[in-house]
Amino acid sequence: MSVAIGKSVPSVGDRPEAPWEERVQRAAHPLAYPALRSLRHRPVVRLPRVGVVVNDASLAREVLLDLESFSKVGPGAPSDLWTPVLGPSVLLNMEGAEHASLRRALGPLFSPRSVRELVGSVAPDDGAPEPAVARLAERLAAGETVDLAETVTALAGTVICRMVGLSPTDAAVRESIAAAQSITGLVRLHRRGLTAGQVARAREVLGRLVAPARAAYAAGDPATVPGRMRELGLSEREATGAVGAFVLTGTETIQSFLPRLLAIAHDTGRTGWLLAADADGRRRAVEEGLRVTVPTPAMLRAVRRETQVGDLRVGTGDRVVIATVNCCRAAGGFDPDRPVDPAVRHLWFGAGPHFCLGMPLALAQVDVVLDALAPLAAAGRVPRVGRRRVARGVLVPAYRSLELTLEPEVG
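Nothing here was measured: the structure is a model prediction, and the numbers come from that model.

Caption draft 1: Highlighting the overall build of the protein chain. Within the protein chain one finds 16 helices and 10 strands. Against the 2.2 N^0.38 benchmark of 22 Å for 411 residues, the protein chain shows a C-alpha radius of gyration of 21 Å, consistent with a compact globule. If you line up the protein chain on its principal axes, its C-alpha atoms span 70 × 55 × 35 Å. Counting over 411 residues, the protein chain shows a buried share of 56%. In the protein chain, the proportion of contacts linking residues at least 24 apart, taken out of those at least 6 apart, comes to 71%. Roughly 17500 Å² of accessible area belongs to the protein chain as shown, and the carbon and sulfur atoms make up 54% of that amount. Of note, the protein chain has its 50 positive side-chain charges centred 5 Å away from the centre of its 43 negative side-chain charges.

Structure follows, in structure tokens:
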């Protein structure tokens, strides 16, 4: 049950994960998630056919920052998964000077102004229908039951459309989301890569998804993301590859996180506090929500040279699996008042040169939804969670639906 705005609530930091969070995780990865969690008390362990599993945040950060010893390119690394689908130059599967150069070129697309243009323009444009987020508070205030998962999916679809150069009509939004989900749904934590058939299917779907990006790149209109990429000096292959990568890796992250954040706030009695929080309070709540939900449950690296990970020796050809879900959740349940462990801070987005370039875009989408709900809390009306259904067959654990209604007015 949610509490009144401004009312203090007890710390929930020592509680185990909420039962609903466990359901969400297990529905997405019924085999891999329990297996990973069973290792959480062992800082590092070698498993046959899996690799060296890292469950400690400090060790994980050391691996991510040691670019001489560990790479995203190599056997068992992200390159095995994404290169056959996206091509060789999409940040996810690059290292060294080429990676740094492409990252610098893409950086301006994620400036505060650029992400506001992608996400903040929730008002209708180019004849597009009014986005669901714009009417979120209005519908709740009118007594409707609103599916937050559906609303956030529509927001993510709108961003996809703008990324690839499409006008975000209802049909385009639905088709873009379906295309992205059909590809990411093929990825499972317990597999090293996709089968030949899955690669062929993913490439065919992705080709259709980014076709408008090629057209927008050719047109060179800087009002579109592909046009901006051309203006910034990217080749067509780099631009379409980058668009594809951002669409695939960013879509499920935001679809997953916002409903889970509201669900956790509801389950811990902090919904009113979250929506009424000042900028610093919201930042702490969002970061704590990301720590608990862990948008990237695992990260992969290939070992480039013999070295040490904790008390284990690793050598060329070894695969390192960073169990981010264990590293980040070791501190316990959701508690925005808990001091942040420097080893854990933002670890769910990586560390070093490979830190998630799209983080500003993801956080901007979070702000759009929380801003839409904040006036309700300011008026003393707190959204509460009703029926929920978990998603299955997804890469990032998520709710399939999460229904919100408003608590009755007091007095």
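Caption draft 2: Quick look at helix 1 (residues 19-28). Within the span of helix 1, buried status applies to Glu 21, Glu 22, Val 24, Gln 25, Ala 27 and Ala 28. Looking at the buried side of helix 1, the elements it contacts are helix 2 (32-37), helix 12 (236-267), helix 14 (279-293), helix 15 (324-329), strand 9 (383-390) and strand 10 (399-406).

Caption draft 3: Layout of the environment of Glu 117. One can find Glu 117 in helix 6 (residues 112-120). The exposure class of Glu 117 is partly exposed, given its relative accessible area of 45%. Measuring from C-alpha to C-alpha, the distance between Glu 117 and Ala 215 comes to 20 Å, with 98 residues separating the pair along the chain.

Caption draft 4: Fine view of the pairing of strand 8 (residues 319-322). Burial along strand 8 is two-sided: the face carrying Arg 319 and Val 321 and the face carrying Val 320 and Ile 322 are both buried. Two strands pair when backbone bridges link them, and strand 2 (residues 51-54) and strand 8 are joined in this way by three bridges, in the parallel orientation. Note that in strand 8 the partner of Val 52 across the bridge is Val 320.

Caption draft 5: Just the state of the cysteines, in detail. Scanning the model with the defined rule gives zero disulfides in all. Free cysteine: Cys 328, not disulfide-bonded; nearest cysteine sulfur from Cys 327 at 6.3 Å.

Caption draft 6: Quick look at empty space enclosed by the protein. One pass over the structure, following the stated rule, counts two cavities of 30 Å³ or more. When its volume is computed, the second largest cavity comes out at roughly 40 Å³. What lines the second largest cavity is Thr 253, Ile 254, Phe 257, Leu 290, Phe 349, Ala 362, Leu 363 and Val 366. Of all the secondary-structure elements, those providing two or more residues to the lining of the second largest cavity are helix 12 and helix 16 (359-378). Residue composition of the lining of the second largest cavity, by class: seven nonpolar, one polar and no charged.

Caption draft 7: Seen up close, unusual backbone geometry. A positive phi angle is found at Val 294, which is not glycine, with a value near 55°. On the secondary structure map, Val 294 appears in the loop between helix 14 and strand 5 (299-303).

Caption draft 8: Highlighting the pattern of salt bridges. Taken as a whole and judged by the stated rule, the model has 22 salt bridges. Among the salt bridges present, the one from Glu 236 reaches Arg 214, with a minimum N-O distance of 4.0 Å. On the criterion of sequence distance, the pair formed by Glu 236 in helix 12 and Arg 214 in helix 10 (residues 196-219) is long-range, its members being 22 residues apart. Note that Arg 270 and Asp 337 form a salt bridge whose closest N and O atoms lie 3.6 Å from each other. Here the residue Arg 270 occupies a position in the loop between helix 12 and helix 13 (271-276), and Asp 337 occupies one in the loop between helix 15 and helix 16, the gap between them amounting to 67 residues. What makes Arg 270 buried here is its relative accessible area of 2%. Ionic contacts of the salt-bridge type, sharing partners, join the residues Arg 270, Asp 280, Arg 283, Arg 284, Glu 287, Asp 335, Asp 337 and Arg 345 into one network.

The rules we used
- Residue positions are counted from 1 within each chain, in the order its sequence is given.
- For this predicted model, a pLDDT threshold of at least 70 governs which residues receive local features, and a threshold of 80 or more governs which side-chain atom pairs are given and counted, while totals over whole chains, interfaces and linings are taken from all residues.
- Hydrogens and water are ignored here; the side-chain numbers use all heavy atoms of the structure.
- Under the DSSP-based scheme used, a helix requires at least four consecutive residues in state H or I and a strand at least two consecutive residues in state E, with every element numbered from the N terminus.
- When we talk radius of gyration, it's over C-alpha atoms, and the globule rule is simply 2.2 Å times the number of residues to the 0.38.
- Partly exposed describes any residue whose relative accessible area lies between the buried limit of under 20% and the exposed limit of over 50%, with all areas from a 1.4 Å probe on protein chains only and scaled to the type maximum.
- Note on contacts: a residue pair is in contact if any heavy atoms of the two residues lie within 4.5 Å.
- All accessible-area figures derive from a Shrake-Rupley calculation using a 1.4 Å probe, and residue coverage is judged against the displayed protein chains alone.
- His is not counted, nor are the chain ends; Lys and Arg add positive charge and Asp and Glu add negative charge.
- Charge coordinates come from a single atom per side chain, which is NZ of Lys, CZ of Arg, CG of Asp or CD of Glu.
- Paired strands, as defined in this entry, are two strands with at least two bridges between them according to DSSP.
- Working definition: a disulfide is two cysteine sulfur atoms within 2.5 Å of each other.
- In the cavity and pocket records, a cavity denotes points on a 1 Å grid over the protein atoms alone where a 1.4 Å probe fits but cannot get out, a pocket denotes an open set with protein on both sides within 12 Å along at least 5 of 7 lines, and lining residues are residues with an atom within 4 Å of a point.
- Grid points are joined across faces, edges and corners, and a volume is the space filled by probe spheres set on the points.
- In the scheme used here, Gly and all other residues not listed as nonpolar or charged are polar, with Ala, Val, Leu, Ile, Met, Phe, Trp, Tyr, Cys and Pro taken as nonpolar and Asp, Glu, Lys and Arg as charged.
- Salt bridges are identified by distance alone: a Lys or Arg side-chain nitrogen within 4 Å of an Asp or Glu carboxyl oxygen.

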